[in-house]
Amino acid sequence: MDIKKNDELIIEINDIGQQGEGIGKHDGYTLFVNNATVGDKVRVKVMKAKKNYGYARLVEVIEPSPFRVEPICKIANKCGGCNIMHLDYKQQLKYKHDKVINCLERIGKFDLSKVEVSPIIGMEKPYYYRNKVQLPVGKNKEGHIVMGFYARRTHSIINMEECYIQSEVNSQIFEIVRRFLEKYKVSIYDEINHKGLVRHIMTRVGFTTGQVMVCLVINGKKLPHEDKLVEELIKVDGMTSISLNFNLENTNVIMGEGVRTIWGEDFIIDYIGDVKYQISPKSFYQVNPIQTKVIYETALSYADLKGDETVWDLYCGIGTISLFMAQKAKKVYGVEIVEDAILDARRNARINDINNAEFYVGAAEEILPRKYKEDSVYADVIVVDPPRKGCEESLLDTIVSMEPKRFVYVSCDPATLARDLGYMAERGYEIKKVQAVDQFPHTTHVECVALIQRESI
Ligand code: SAH
């Protein structure tokens, strides 16, 4: 049967797509359905039909999935933040674990029967886990101030009064800022005509210290009545740093270059394990510190350091994994492409009295091959933590030539992980251990750590 626009069909949902949408088949034809989930039997209306797949709208849930739950959040279906909150948390974990396995088997062509695959580590309390949020500020049709994530695939703001995945203190901060903006009639940035002042609000909380940071991003250099805003914000428990960030560009990039602290410190402090971090408004820092610690501890145990090893940490960001490993290794070298992050990494080494970590700015696929060719650098352990697109082949080739005893791959995308490990497998390496970790409950993201060694080891 040819499937056309406006056809109504009954299908069963048996998978979840990248955006959290349900995926089902009708006579082999794949349909993507928003707000449907694994195990649902649904009636759908086809909105767009391509040759082999199409997009359909949910008309009716005929038999709800046994895994379907009522989301705790009342804007879950509209807000672009959480996209699988309607799926039971245990089932979310199963879905993520299976996704990692499937990628390794299908894309990496691995036989996992000899690999130590541990069950995914989820969160005991999968709520209020984010330590950072940045929200666009806008106005609704009635002219009231709104702050929230954009609705999926749009630039219209879904107002957020309460959010179950961010720090609880944020509701109080948003309310103060909203009231301040309304009371003093501060203008709000309009991205279409590039006029108005307030663009975004960013908040950050140090989970181990309770220190709170608020930064308002403005299209200008001055915030009228800023002292009145400070007066209210310092009533919030833990308030440590209040700042303005200046972004006068016509761009989707949230933060501009300049920052001015209008009250308190220039940064907040947080710890992951025993390592201390100074976090300024523009620093990169892991957003779920509880699960980050789980990932780093897994990476550390896979690295199996005894104290005399040389470690290379590629894609090191602000040096978080490097500093974690430096406590147990002889020497750690970190490589990262963003210069500001390396400045943070060096400062973080200093404030922790870590003297055996050295950092280089540059692309991992340029620095490591060059250092290997020119200086014959050596590694007992190599760790990579690349962005979603994974590693370049030229980097993997260098790693193969360097013959590290252990190669630890921290990944935020199991598909590119599987591709890269498949490439290593063709060159004599095999996977020994895999551990998936849920860093972002209620979203489709999954992180994992893998240990790879030469076949003979
Ligand atoms: N390991 C760090 C950060 C991982 S995020 C942590 O745990 O906090 C991935 C990092 O890779 C980002 O900081 C990004 O700036 C960096 N990056 C992206 N492409 C890169 C490349 N080609 N070479 C080196 N670093 C790169």
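Conventions used here
Residues numbered from 1 in each chain as written. Predicted model: local features only at pLDDT ≥ 70, side-chain atom pairs only at ≥ 80, totals over all residues. Heavy atoms only, no water. Pairing = 2+ DSSP bridges. Helix = DSSP H or I, 4+ residues; strand = E, 2+ residues; numbered from the N terminus. Axes fitted to C-alpha atoms, helices over the stretch in contact; angles between N-to-C directions. Salt bridge = Lys/Arg side-chain N within 4 Å of Asp/Glu carboxyl O. Buried < 20%, exposed > 50% of the residue type's maximum accessible area, 1.4 Å probe, protein only. Near = heavy atom within 4 Å. Polar contact = N/O pair within 3.5 Å; in protein donor to acceptor, adjacent residues only side chain to side chain. Areas by Shrake-Rupley, 256 points an atom, 1.4 Å probe, with all protein chains shown as cover. Nonpolar A, V, L, I, M, F, W, Y, C, P; charged D, E, K, R; others polar. Phe/Tyr/Trp six-rings, centres within 6.5 Å; stacked < 30°, edge-to-face > 60°. Lys NZ or Arg CZ within 6 Å of the ring centre and 35° of its normal. Domains from an automatic or database assignment. Contact = heavy atoms within 4.5 Å. Buried area = accessible area lost by both parts, 1.4 Å probe.

A. The arrangement of the sheet that holds strand β3 (residues 29-33) in detail. As summarised here, the arrangement of the 5 strands in space is β1-β2-β3-β5-β4, forming a closed barrel in which the pairing is mixed. On average, adjacent strands in this sheet sit at an angle of 50 degrees to one another, irrespective of strand direction. As paired elements, strand β4 (residues 41-49) and strand β5 (residues 53-63) share 8 bridges and run antiparallel to each other. Considered in β5, the bridge of Lys48 is made with Tyr55.

B. Examining the pattern of salt bridges more closely. Here the structure, examined in full by the defined rule, presents 20 salt bridges. Linking Asp380 and Lys405 is a salt bridge whose minimum nitrogen-to-oxygen distance equals 2.5 Å. Residue Asp380 is located in the loop between α7 (364-375) and β18 (381-384), and its partner Lys405 is located in the loop between α8 (393-402) and β19 (406-411); the two are separated by 25 residues in the primary sequence. With relative accessibility at 7%, the residue Asp380 sits in the buried group. Here Lys432 and Glu430 are joined by a salt bridge, their closest N and O atoms 3.1 Å apart.

C. Spotlight on the pairing of β4. One ladder, built from 5 bridges, connects strand β1 (residues 8-16) with β4; its direction is antiparallel. From the neighbouring strand, Glu8 faces β4, where its bridge partner is Lys45. Taken together, β4 and the strand that follows it, β5, pair antiparallel across an intervening segment of 3 residues.

D. Just the site of the ligand, in detail. Residues in contact with the ligand amount to 17 residues; listed here are only the nearest, Gln286, Tyr296, Thr320, Glu336 and Ala364. Here an oxygen atom of the ligand and a side-chain polar atom of Tyr296 are 2.6 Å apart. Here a nitrogen atom of the ligand sits 2.9 Å away from a polar atom, N or O, in the side chain of Asp385. When isolated, the ligand has an accessible area of 580 Å², and the protein chains bury 86% of it. Of all the elements in the fold, those that place two or more residues in the shell around the ligand are α5 (320-326) and α7. When its residues are assigned to classes, the shell around the ligand shows 10 nonpolar, 4 polar and 3 charged.

E. Representation of the packing of aromatic side chains in the model. Enumeration according to the criterion identifies 11 aromatic pairs in this entry. Both rings, one in Tyr128 and one in Tyr164, keep their centres 6.2 Å apart while their planes meet at 45 degrees; by these two values the pair is tilted. Within this pair, whereas Tyr128 is found in the loop between β6 (116-121) and β7 (132-139), its partner Tyr164 is found in the loop between β8 (145-147) and α2 (169-183), the two being separated by 36 residues in sequence. A residue is classified by how much of its surface remains accessible, and Tyr128, at 27% relative accessible area, is partly exposed. In this structure, Arg199 packs its charged tip against the face of Tyr189, placed 4.1 Å from the ring centre. When the ring centre of Tyr423 is taken as reference, the NZ or CZ atom of Arg427 above it lies at 3.6 Å.

F. Local environment of the domain arrangement of the protein chain. For the protein chain, the assigned domains are domain 1 (8-63), domain 2 (93-124 + 288-454) and domain 3 (132-272). Each of domain 2 and domain 3 was reduced to a C-alpha centroid, and the two centroids are 34 Å apart. Contact residues are listed per partner, giving 7 residues for domain 2 and 4 residues for domain 3. Counting each side, the surface lost to burial between domain 2 and domain 3 is near 480 Å², with a carbon and sulfur contribution of 88%. In this assembly, domain 2 and domain 3 are joined by 0 salt bridges. Inspection of the region where domain 2 meets domain 3 yields 0 residue pairs in polar contact (both at pLDDT 80 or more).

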